[in-house]
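Commentary on secondary and tertiary structure
The primary structure of each chain is shown beneath.
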Amino acid sequence: MIAELGHFALALALALAVAQVGFGLVGAQRAEPRLMAATAPLAAGTLIAVAAAFGCLVWSFLVNDTTVANVVQNSHSAKPWLYKISGTWASHEGSMVLWVLILALCGGAVAGFGANLPSALQARVLAVLALILVGFLGFILATSNPFDRVWPPPADGQGLNPILQDPGLAFHPPLLYLGYVGFAVTYAFAIAALIEGRVDAAWGRWVRPWALAAWSFLTLGIALGSWWAYYELGWGGYWFWDPVENASLLPWLAGCALLHSAIVVEKREALKTWTVFLALLAFGMSLLGTFLVRSGVLTSVHAFANDPERGVFILALLGIFIGGGFLLFAWRAAALTPTGIFAPLSREGALVLNNLLLCSIAAVVLVGTLYPMFADLILKEKISVGPPFFNTATLPLAAPLIGAMGFGPMLPWKRARLFPALQRLWWAALLGLGAFLLCLALEGWRIGPAVGFAAALWAIGAALADVADRIALFSRPKAAWSRARGLPRAAWGGALAHAGMGVMILGLAGMGLATDKLALLKPGESMTLAGLDYRLTGIRTVPGPNWTARRATLEVRSGDRLVTVLEPDKRNFAVNRMTTSEAAIHTTWISDLYAVLGEERDGGAIIRLHHNPLAPWIWLGGGLMALGGGLSLSDRRMRVSAPSAKAIKAGARA
């Protein structure tokens with residue numbers, strides 16, 4: 001009965017979304033207040049219906065209802081409750097229900113918090129969001145029904161993929177989807193603006209918080225997924241340029257460009273056409289990621305479905321929403337006349353450079369991700385594009401991007417001179433240069449890590465210099481504290497996000513100095529890595545909630561001092577008949593000691609060790625970037641509906 005209620009709720013949500021599309025578009029076109037006013041209640045009703053369907057699916061997993069095929073394929077009675085809940089979105093069908101739930105939440109948020117939007121704009125935005133909902137609800141009901149029954153029901157389920165039975169993977173997909181789907185709102189605002197033929201400072205003010213929220217959630221989701229790959233997959237790295245990893249990076253890059261471009265629209269009413277284009281592109285990259293993961297066109301630890309019917313359906317949705325959006329853009333973009341004029345050397349110019357570099361990096365990642373697929377399809381050749389290509393192609397673009405990130409906030413709007421900015425950043429540049437030379441001296445002329453450390457300290461120093469300049473720390477030190485307290489949270493958030501990028505680069509540069517070692521050890525034997533002795537004291541069998549493990553115990557010593565004890569696992573899941581490796585990690589925040597248990601043989605076991613300097617700073621930096629986004633979002637100026645005409649003129653003069 002619960003499954004049937006869930007299925008009915010999805011069908012009801014589809015009907016409400018169809019009505020929302022019609023009332024919103026027709027009401028806005030005819031300027032009919034009653035029709036436009038109906039879109040907000042319909043959005044709320046759609047949200048309630050989708051939430052009810054999702055709740056029914058969660059309940060089916062919690063009670064282990066083996067009459068539901070989705071539960072049978074992705075759950076088991078012995079599985080911990082956390083993974084029963086996360087199993088809801090671990091399958092293709094469940095993940096699509098989560099997708100539409102977050103999309104319905106976005107529609108409900110626009111309805112609830114957008115009451116002070118112009119009624120026609122709000123109606124069109126809600127109609128576009130509902131149109132996307134119609135497409136994906138239709139996809140779920142036609143090809144991916146999560147409530148399909150199975151009869152006779154088996155005694156128990158098949159269990160969840162063991163590598164997904166981890167807290168990191170329980171929270172990673174919802175955060176990622178909040179980012180993916182959040183860009184649907186900016187897409188809807190872009191489509192509404194193209195229909196109306198108007199983009200102004202008010203539009204930029206409305207779009208920017210949604211872009212910021214989506215980007216912040218996507219940042220958290222990517223960081224959490226990278227951290228999971230680091231400690232769960234046991235290969236000692238943080239990013240493998242996997243196609244699905246790239247699929248999440250693409251909307252992040254486009255969204256980052258959109259976020260900065262929207263600032264120019266809000267402050268100077270310039271870059272209107274470009275910002276609308278980026279809003280379409282960011283959501284397009286999100287849909288592309290959905291297609292890559294759900295269609296089965298690639299093989300990845302992250303990929304789900306391998307069903308041509310589903311792939312064709314998602315490809316059709318991709319063509320409708322993105323192809324249709326860009327066709328509308330080509331038709332209506334000429335109406336978006338820019339009014340702000342600026343010199344190349346200005347804050348606007350720095351943001352344009354930021355956008356060009358971010359989009360260039362995105363283009364490199366897109367080509368490297370899709371080219372092997374097209375080469376296989378058209379040329380019948382198997383081509384692998386891996387880290388050497390991506391690292392070589394993206395690093396030359398990332399270097400000037402980090403440089404511009406430091407200069408941009410120091411430049412005034414409209415027209416600037418370079419020397420005053422250099423005067424305020426000289427000590428940040430000196431800090432970066434010192435780090436570069438010190439790293440070269442200590443690490444035997446290893447250019448890559450040296451450049452990384454220099455870029456990191458430059459970014460952190462520039463963020464601190466930005467704050468110091470805003471509060472007049474050096475020119476008026478007595479008033480600095482009062483100015484700091486009055487500094488808008490958006491300014492603090494921007495500086496924190498830029499500093500977070502620098503912290504993350506520190507971690508990446510540190511990983512460039514990582515060392516590893518592989519050896520067969522018997523109990524009582526030891527090996528040395530990075531000046532520490534690792535002694536294997538024994539291997540034993542350990543029971544778990546739904547697995548058994550072989551666990552090694554390694555004592556790590558520096559001379560006679562015991563530093564830590566590492567206990568890596570090799571877990572066997574009987575239900576799935578799969579084995580996973582669980583790395584043991586001891587962090588000092590300066591470095592990670594990382595051990596993986598391999599195959600047992602000859603009375604001992606193969607042990608792989610890694611010494612990863614500054615590795616935790618990678619995810620600390622990601623967290624700081626997301627925190628900076630959240631801090632900016634908490635600024636009241638980011639949440640009001642629109643600036644007054646007076647405020648627009650004042651912003652243009654600032």
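For the chain, per-residue confidence averages 89 on the pLDDT scale, and residues scoring 70 or more make up 94% of the total. With pLDDT under 50 throughout, residues 300–305 is counted as low confidence; its partners more than four residues away or in other chains account for 22 contacts. Below a pLDDT of 50 lies the segment residues 640–654, which in the model reaches 18 contacts outside its immediate sequence neighbourhood of four places, other chains included.

A separate point is the environment of A404. Here A404 is to be found in helix α13 (residues 387–407). Judged by relative accessible area, A404 falls into the buried class, the value being 12%. For the pair A404 and N354, spaced 50 residues apart in the sequence, the C-alpha separation amounts to 6.7 Å.

Here we come to the side chain of H172. Its place among the elements puts H172 in helix α7 (residues 167–196). Among the residues examined, H172 registers a relative accessible area of 10% and is labelled buried. Separated by 2.8 Å, the side chain of H172 and the backbone oxygen of G221 make a polar contact. Not counting chain neighbours up to four residues away, the residues in contact with H172 comprise G221, L224 and G225.

A cluster of nonpolar side chains, namely M1, I2, L5, W59, L62, V63 and W81, defines an oily patch on the protein surface of about 740 Å² accessible area. Sorting the residues of the nonpolar patch by element identifies α1 (2–30) and α2 (33–62) as the ones contributing at least two each. With respect to the helices and strands, V63 occurs in the loop between α2 and α3 (69–74). A relative accessible area of 43% places V63 in the partly exposed class.

Moving on, we come to the packing of α2 against helix α5 (residues 92–113). Between α2 and α5, whose axes approach to 8 Å, the crossing angle comes to 150°. With respect to their mutual orientation, α2 and α5 come out roughly antiparallel. When you trace α2 past α5, the crossing you get is left-handed. The segment α2 lies against α5, with A40, A43, T46, L47, V50, A51, F54 and L57 engaging G94, V97, L98, V100, L101, A104, L105, G107, G108 and A111. Residues that form the contact of α2 with α5 fall into these classes: 14 nonpolar, four polar and no charged.

What counts as what
Residues numbered from 1 in each chain as written. Predicted model: local features only at pLDDT ≥ 70, side-chain atom pairs only at ≥ 80, totals over all residues. Heavy atoms only, no water. pLDDT = per-residue confidence, 0-100. Contact = heavy atoms within 4.5 Å. Helix = DSSP H or I, 4+ residues; strand = E, 2+ residues; numbered from the N terminus. Buried < 20%, exposed > 50% of the residue type's maximum accessible area, 1.4 Å probe, protein only. Polar contact = N/O pair within 3.5 Å; in protein donor to acceptor, adjacent residues only side chain to side chain. Patch = residues over 30% accessible without salt bridge, like charges linked within 9 Å, V, L, I, M, F, W, Y side chains within 5 Å. Areas by Shrake-Rupley, 256 points an atom, 1.4 Å probe, with all protein chains shown as cover. Salt bridge = Lys/Arg side-chain N within 4 Å of Asp/Glu carboxyl O. Axes fitted to C-alpha atoms, helices over the stretch in contact; angles between N-to-C directions. Parallel < 35°, antiparallel > 145°, perpendicular 65-115°, else oblique. Left-handed = near helix turned anticlockwise from the far one by under 90°. Nonpolar A, V, L, I, M, F, W, Y, C, P; charged D, E, K, R; others polar.

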